[in-house]
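So the chains spell out like this:
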Amino acid sequence: MVSKRLQEIPASGTIAISNLVSQMKSEGVDIVSFSMGEPDFTTPDNIIEACCDSLRSGYTHYTPSLGIPELRKAVADVSRKESGIPCDQSNVLITPCKQAIFLTALAYIDPGDEVILSDPSWVSYEACIRLAGGVPVYVPTYFEDKFVLDPAKVEAAITPRTRMIILNTPSNPTGCVIPRAVLKQIADIAMTHGIKVLADEIYSAIVYEGEHVSISAFPGMFENTITVSGLSKSYAMTGWRLGWAIAPAEDIKAINKLQSHSISCAVSFVQKAAVEALTGQQQSRADMIKEFRRRRDIVMDLVEEIRGFECNVPDGAFYVFPKYNRDIPSAKLAEILLREGHVAVTPGTAFGPHGEGFFRISYAASEEQIREGMARIKKVVSGL
Ligand code: GLU
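The text that follows walks through the structure, step by step, so that each part is easy to find. The residue numbering used here restarts from 1 in each chain and proceeds along that chain's sequence as written. Note on the predicted model: pLDDT of at least 70 is required for a residue's local features to be given, and 80 or more for side-chain atom pairs to be given and counted; whole-chain, interface and lining totals, by contrast, use all residues. Hydrogens are left out, water is left out, and the side-chain values use all remaining heavy atoms of the structure.

Here we take up helix α13 (residues 367-382). Secondary structure elements follow DSSP: runs of H or I of four or more residues count as helices, runs of E of two or more count as strands, with numbering from the N terminus. Helix span, as expected, comes to 1.5 Å for every residue beyond the first. When the terminal C-alpha atoms of α13 are compared, their 22 Å separation across 16 residues agrees well with the 22 Å that a helix rising 1.5 Å per residue should span. Regarding α13, the residues found buried are Ile-370, Gly-373, Met-374, Arg-376, Ile-377, Val-380 and Val-381. End-on, the buried residues of α13 take up no more than an arc of 160°, which puts them together on one face. With respect to the buried face of α13, the exposed residues turned more than 90 degrees away are Glu-368, Lys-379 and Ser-382. Where α13 is buried, its residues touch β1 (32-33), α11 (283-304), β9 (309-310), α12 (330-341), β12 (343-344) and β14 (359-362). Residue exposure (1.4 Å probe, protein chains only): buried if accessible area is under 20% of the type maximum, exposed if over 50%, otherwise partly exposed. The directions considered for the arc are those from the helix axis to the C-beta atoms. Any two residues having at least one pair of non-hydrogen atoms within 4.5 Å are treated as being in contact.

Dropping the structure here:
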């Protein structure tokens, strides 16, 4: 029998669908997959070369658990320059972004502590909170508000047990980018009540409209925030598992204690490649982001052609989150689309109860796949 802790959480909805898609593809089924938040591009050449060089030069051993100094410095430099986070390398721990979230939850949540997060939001926050013994407190966000979190609702959800607020801007699954003024209000609330913020900024480079704002950059907030991010989405490096946490040095020390007892350190030669990713040419990243924007516009046109579908134009990330008017649970709709249309999407309820009536399309796929997949969705739903 597995632990009670584990019994209480479901497996990751996004990973479960992706596993199923891989299995169906290996059985020869022609699937169009919009399920996984994963760029279809290959990692840029300069990064691959840096990795190969590092391997060939024997860079195959453990590194310090915090990460190699040149990468910690590169992360701090980029985060200061691009996001205004007032950090230096002593504030950086190198670890996969998901691991950073998991370790942060373990480091700061005690049994019974409440953690505020928006509904819908990415699938694994709730699992991390629960594994740490905490209680997720969902604050609904609404289609009509472009899914922007309402600071008044955040404040109303605070109790004496509230320990943390999780923010994710740009958002997975809605593509919502929280405006500066709203984020400032949330920062003020967090500081007034002495609540830590976990800011997941993995999509920070992928913003089409408006601006990405790091909550940690507001005066007084650096001391109160753990910012996590990584290379997966903006450098097409999902399989490399490389990210980081940025926080005051004492928080980094606490999280590093867990790192030392779990993965020891991030992969050595990947860390070398990551230095190249952050300090080498940035044209490939800019080109990929430009292409995501073009695909967003294509997918939006195609969604709007489907009768009964409504969708906000997402300002960032690479997801659209359409609302549909059929009287079918979103999990069922996703199942029908996969079974009958051979197109994989993620049901809205994978992201929280308020995701019912929606589903997520990841458009980090080729234009051809987008057109084919959307035609399949249109065909299946026209019969429902
Ligand atoms: N974050 C991506 C997604 O939402 C990858 C899978 C995962 O980590 O959940 O699809």
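Resuming the write-up.
Next up on the list: the pairing of strand β4 (residues 135-140). Paired strands, as defined in this entry, are two strands with at least two bridges between them according to DSSP. Here 6 bridges tie strand β3 (residues 114-119) to β4, and the two strands are oriented parallel to one another. Directly across from Leu-117, in β4, lies its bridge partner Tyr-138. Look down the strands so they point away from you; if going from the first strand over the helix to the second traces a clockwise path, that crossover is right-handed. Where the polypeptide runs from β3 across helix α6 (residues 123-131) and back to β4, its parallel neighbour, the crossover connection is right-handed.

Let us now look at the site of the ligand. A single heavy atom is enough: if one lies within 4 Å of a molecule or strand, its residue is considered near that molecule or strand. The environment of the ligand is made up of Thr-14, Ile-15, Met-36, Gly-37, Lys-98, Trp-122, Asn-172, Lys-233, Tyr-319 and Arg-360. A distance of 2.6 Å separates an oxygen atom of the ligand from a polar side-chain atom of Thr-14. Contact with the protein chains covers 91% of the free accessible surface of the ligand, which is 280 Å². Charged means Asp, Glu, Lys or Arg here, nonpolar means Ala, Val, Leu, Ile, Met, Phe, Trp, Tyr, Cys or Pro, and polar covers whatever is left, Gly included. Looking at side-chain class alone, the shell around the ligand contains 4 nonpolar, 3 polar and 3 charged residues. Any N or O atom pair separated by 3.5 Å or less is treated as a polar contact, with the protein-specific requirement of one donor-capable and one acceptor-capable atom, and with residues adjacent in sequence counted only for side-chain atom pairs. In these tables, accessible area is a Shrake-Rupley quantity obtained with a 1.4 Å probe, and a residue counts as shielded only by the protein chains included in the view.

Grouping buried Ala, Val, Leu, Ile, Met, Phe, Trp, Tyr and Cys residues that are joined through side-chain atoms within 4.5 Å yields what is termed a nonpolar core. Counting residues in each nonpolar core, the largest one holds 93 residues, and the members touching the most others are Phe-34, Ile-215, Ile-361, Met-374 and Ile-377. If one sorts the elements of this core by residue count, α11 sits on top with 7 residues. In terms of nonpolar packing, the next biggest core, distinct from the first, is built from 26 residues, Val-75, Ala-76, Trp-244 and Val-270 among them.

Quick look at the packing of aromatic side chains now. The criterion for an aromatic pair is that two Phe, Tyr or Trp rings (for Trp, the six-membered ring) have centres within 6.5 Å, with stacked assigned to planes under 30 degrees apart, edge-to-face to planes over 60 apart and tilted to the rest. In total, this model carries 14 aromatic pairs according to the counting rule given. Relative to Phe-147, the ring of Phe-143 has its centre 6.3 Å away and its plane inclined at 80°; by these criteria the two rings are edge-to-face. Centroid distance Tyr-203 to Phe-318: 5.6 Å. Interplanar angle 90°. Geometry classified as edge-to-face. In this pair, Tyr-203 sits in the loop between β6 (196-200) and β7 (225-230) while Phe-318 sits in the loop between β9 and β10 (319-320), placing the two residues 115 residues apart along the sequence. Note on accessibility: Tyr-203 and Phe-318 belong to one class, buried. Whether a charge lies above a ring is judged from NZ of Lys or CZ of Arg, which has to be within 6 Å of the ring centre and within 35 degrees of the ring normal. The ring of Phe-218 carries Lys-184 above its face, with NZ or CZ at 5.8 Å from the centroid. Its guanidinium or amino end placed over the ring of Tyr-108, Lys-196 lies 5.0 Å from that ring's centre, counting from NZ or CZ.

Our next topic: the sheet that holds strand β13 (residues 346-347). Taken in spatial order, the 3 strands line up as β10-β14-β13 in an open sheet, and their pairing is antiparallel. Strands at the two margins of the open sheet, each flanked by one partner only, are β10 and β13. Here 2 bridges tie β13 to β14, and the two strands are oriented antiparallel to one another. Residue pairing across strands places Thr-346 opposite Arg-360, the latter belonging to β14.

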